[in-house]
Number of protein chains: 2
Amino acid sequence: MPRYRLTIEYDGRPYCGYQAQGKLPSVQASLEAAVLKFCGETVRAHTAGRTDSGVHATGQVVHVDLTRDWPAETVRNAINAHLGRQPIVVLDAAVAPAGWHARFSATERRYRYIILNRAAPPALEQGRVWHVKAPLDADAMHEAARGLLGHHDFTTFRDLACQANSPMRTLDVATVRREGDHVLLDFAARSFLHRQVRSMTGSLSWVGIGRWTAADLKAALDARDRQACGPVSPADGLYLTGVSYEANASK
Amino acid sequence: MPRYRLTIEYDGRPYCGYQAQGKLPSVQASLEAAVLKFCGETVRAHTAGRTDSGVHATGQVVHVDLTRDWPAETVRNAINAHLGRQPIVVLDAAVAPAGWHARFSATERRYRYIILNRAAPPALEQGRVWHVKAPLDADAMHEAARGLLGHHDFTTFRDLACQANSPMRTLDVATVRREGDHVLLDFAARSFLHRQVRSMTGSLSWVGIGRWTAADLKAALDARDRQACGPVSPADGLYLTGVSYEANASK
């Protein structure tokens, strides 16, 4: 029973999120329906990270177990054909090593958050960026983001509905840079808490407009209190860009 | 009676093109309706370049004449407010010099064409790129594009419905480069013939897949015959990225 690792891209706008929720449209339900149409099998599409409603992905990883041993390219092309015009696409399919699991074998998740920082709202990027009118100091945001790196209790930047057992996480990458009218925030960690990236991004925007200093951001982190968080940025600008696995992933 | 120069961005998908056509949704009609709502004036929104249906813009230039002398920022913000959620936005508004005309004063139009060159179709970029599955040799395309530079009779790359008086145009920029899965084609000229960029791009794609050599492309140009053109690429990947004017534009 081969397990297929699927790397997928999607526009999160039409979906209630990655995870299936009753009859609501979800990325998972769309993928599972496409697999069913392709080979007649009812599968569960396990994911490396459940993205919220409106959150996008350019490098999400999913696995499905199929009974028959299809060429990986056939799996990719057939699922894509059955997804039709839905904004979900399988970029790559590969047979996974024994014991590999999209979620449990993951060693790093990477997210990018895109802010459109100009007076005019987006036309071409509606629903795909967070529009911030006030000029942001990306260098100040980058400097402040360094204070979030490492192993911390991230309770401040965790949604109250987060179901993780522990608020302890290790943030390995947190960078902010400007490219023209865009401010790009990149984060990487073994795993994230619910809404952690959006909570950190919204708080960093306060540094960007000068409302907070880097020390204020650090104090918010140290408070370990959700009330100390700045604004939570909208789903629109968030992209799951990649997931890493051990080079020789057998678990 | 001040003339306002507006730099605008739009997603071309919902529109029949820039130009108003009866009751069809158009960029022009949307802009004119927003101006009417803002200040009660019925204006004509003159453009630097009429884009076709589905063609996008990141740097289109338009002018409108208003009776009252509004601050330019007010004009920008008010039009944007009245455009609402339509994918058209005024990036910048400025009072134009005397005699300046969005179309007649323009000295250069710039277009970018974006090809998504990978096996999987686009999810996040549906309607915004041309999806080409076959691997493209961007360097070969770039080399071939050099053969199109300069002053030529572009009849081969001109739509049969083109209404320009002459097929003679001077192509000042024609470059092709790869950025990951994207192949970016940039063109600049004082003016272009109808569908010239899409005709050149489609023909260059034949060079990219090895069906044509640079010499074949040059022969197609020299044929001065629409029948010698390669495929015409779709509107999806085309963006009007900018318009230049004389530094001291009084005409």
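Predicted model, so just to flag it, every value in this text is computed and none were measured. For every chain, the first residue of the written sequence is number 1, and numbering continues from 1 along that sequence. Numbering of ligands from 1 and lettering of chains from A proceed in the order in which they are written. Under the rules for a predicted model, residues below a pLDDT of 70 receive no local features and side-chain atom pairs below 80 are neither given nor counted, while totals for whole chains, interfaces and linings still include all residues. Water and hydrogen atoms play no part in the side-chain values, which are based on all heavy atoms of the structure.

**Student:** I keep staring at the overall build of chain A and nothing clicks. Help me out?
**Tutor:** Numbered from the N terminus, helices here are DSSP runs of H or I no shorter than four residues, and strands are runs of E no shorter than two. For chain A, the count of helices and strands is 5 helices and 10 strands. When we talk radius of gyration, it's over C-alpha atoms, and the globule rule is simply 2.2 Å times the number of residues to the 0.38. On C-alpha atoms alone, chain A measures out to a radius of gyration of 19 Å, which is about the 18 Å that the 2.2 N^0.38 rule sets for 251 residues. Considered along the principal axes of its C-alpha atoms, chain A spans approximately 55 × 40 × 30 Å. Partly exposed residues are those whose accessible area sits between 20% and 50% of the maximum for their type, while under 20% is buried and over 50% is exposed, using a 1.4 Å probe and protein chains only. Relative to its full complement of 251 residues, chain A shows a buried share of 53%.

**Student:** How do you make sense of helix H3 (residues 138-145) of chain A when you look at a structure like this?
**Tutor:** Residue pairs spaced three or four apart in an α-helix point in one direction, given the helix's 3.6 residues per turn. Residues and elements named next belong to chain A. Those residues of H3 lying buried are Ala138, Met141, Ala144 and Ala145. For H3, the buried positions fall inside an angular range of 125° around the axis, keeping them on one side. Between N or O atoms, a polar contact is any pair within 3.5 Å; within protein, one atom must be a potential hydrogen donor and the other a potential acceptor, and residues adjacent in sequence are included only when both atoms are from side chains. Here H3 starts with a cap whose side-chain oxygen sits 3.1 Å from the backbone nitrogen of Asp139, and that cap is Asp137. To be clear, the arc concerns the directions from the helix axis to the C-beta atoms.

**Student:** Hey, could you run me through the interface of chain A and chain B in this one?
**Tutor:** Bring the parts together and some accessible area is lost; that lost area is often taken as the interface size. In what follows, residue pairs with any heavy atoms lying within 4.5 Å of each other are defined as contacts. Tallying the contact residues gives 26 residues for chain A and 26 residues for chain B. Simply put, the buried area is the total loss of 1.4 Å probe accessible area from both parts when two parts are fitted together. Here chain A meets chain B over a buried area of about 1,800 Å², counting both sides, of which 56% is carbon and sulfur. Any carboxyl oxygen of Asp or Glu within 4 Å of a side-chain nitrogen of Lys or Arg constitutes a salt bridge here. Linking chain A with chain B are 2 salt bridges, by the criterion used here. For B:Arg118, the salt bridge is made with A:Glu9, and the minimal N-O distance between the two is 2.9 Å. The tally of links from chain A across to chain B stands at 12 residue pairs in polar contact (both at pLDDT 80 or more). When contributions to the side of chain A that touches chain B are tallied by element, the ones reaching two or more residues are strand E1 (3-10), strand E3 (56-65), helix H2 (72-83) and strand E4 (88-95) of chain A. The element that contributes the greatest number of residues to the side of chain A that touches chain B is E4(A), accounting for 4 residues. Three categories are distinguished: nonpolar for Ala, Val, Leu, Ile, Met, Phe, Trp, Tyr, Cys and Pro, charged for Asp, Glu, Lys and Arg, and polar for the others, with Gly belonging to the last. Residues that form the side of chain A that touches chain B fall into these classes: 14 nonpolar, 5 polar and 7 charged.

**Student:** Teacher, can you tell me more about the domain arrangement of chain A here?
**Tutor:** Residue and element names in this part refer to chain A. In this document the domain limits rely on a domain assignment from an automatic tool or a database. One can read the domain layout of chain A as domain 1 (3-104) and domain 2 (108-243). Between domain 1 and domain 2, the contact holds 16 residues from the first and 16 residues from the second. When domain 1 packs against domain 2, close to 1,200 Å² is buried across both sides, 49% of that on carbon and sulfur atoms. For the pair domain 1 and domain 2, the interface holds 2 salt bridges.

**Student:** Explain the packing of aromatic side chains to me, please; I cannot follow it from the model alone.
**Tutor:** How two aromatic rings sit relative to each other is given by the distance of their centres and the angle of their planes. Pairs were defined over the aromatic rings of Phe, Tyr and Trp, the Trp ring being its six-membered one, requiring ring centres within 6.5 Å. Orientation was assigned from the angle between planes: stacked under 30 degrees, edge-to-face over 60, tilted for the rest. All chains considered together, the criterion is met by 10 aromatic pairs over all chains. Ring geometry for A:Tyr113 and A:Trp130: centres 6.2 Å apart, planes at 85°, overall edge-to-face. Placement of A:Tyr113 in strand E5 (residues 106-116) and of A:Trp130 in strand E6 (residues 130-131) is noted, with a sequence separation of 17 residues between them. Take A:Trp130: its relative accessible area is 17%, and that puts it in the buried class. Look at B:Tyr111 and B:Phe192: their rings are 5.3 Å apart centre to centre, the planes differ by 85°, and that puts the pair in the edge-to-face class. Taken as a pair, B:Tyr111 in strand E5 (residues 106-116) and B:Phe192 in the loop between strand E9 (182-189) and helix H4 (196-208) lie far apart in primary sequence, 81 residues in all. The rule is short: NZ of Lys or CZ of Arg within 6 Å of the ring centre and within 35 degrees of the ring normal puts a charge over the ring. Cation over ring: A:Arg68 sits above A:Trp70, and NZ or CZ is 4.0 Å from the ring centre.

**Student:** Just checking my understanding: could you explain the pattern of salt bridges for this structure?
**Tutor:** Any two side chains of opposite charge can pair, so long as their charged atoms come close to each other. Inspection of the entire model under this criterion finds 26 salt bridges over all chains. For A:Asp222, the salt bridge is made with A:Lys218, and the minimal N-O distance between the two is 3.7 Å. Residue A:Asp222 and its partner A:Lys218 are located together in helix H5 (residues 214-223), separated by 4 residues, close to a single helical turn. Assessed through its relative accessible area of 40%, A:Asp222 is described here as partly exposed. As a salt-bridge pair, B:Asp11 and B:Arg13 come within 2.7 Å of each other at their nearest N and O atoms. Exposure remark for B:Asp11: the relative accessible area of 7% places this residue in the buried category. Among the charged side chains, a salt-bridge network with shared partners connects A:Asp52, A:Asp159, A:Arg195 and A:Arg198.

**Student:** It is not clear to me how the nonpolar core should be interpreted in this structure. Could you clarify?
**Tutor:** What tends to happen in soluble globular proteins is that the nonpolar side chains get buried as a cluster. Definition used in this section: a nonpolar core is a set of buried Ala, Val, Leu, Ile, Met, Phe, Trp, Tyr and Cys residues joined via side-chain atoms within 4.5 Å. If you look at the biggest cluster of nonpolar residues, it comprises 63 residues, and the most contacted ones within it are B:Leu6, B:Leu31, B:Leu66 and B:Ile79. Considering each element in turn, this core owes the most residues, 6 residues, to helix H1 (residues 27-39) of chain B. A domain-level breakdown of this core finds at least three residues from each of domain 1 (3-104) and domain 2 (108-243) of chain B. B:Ile79 has contacts with B:Leu6, B:Leu31, B:Ala34, B:Val35, B:Phe38 and B:Val90, leaving out every residue within four places of it along the chain. Counting residues in hydrophobic clusters, the runner-up holds 62 residues, among them A:Tyr111, A:Ala145, A:Ala189 and A:Val197.

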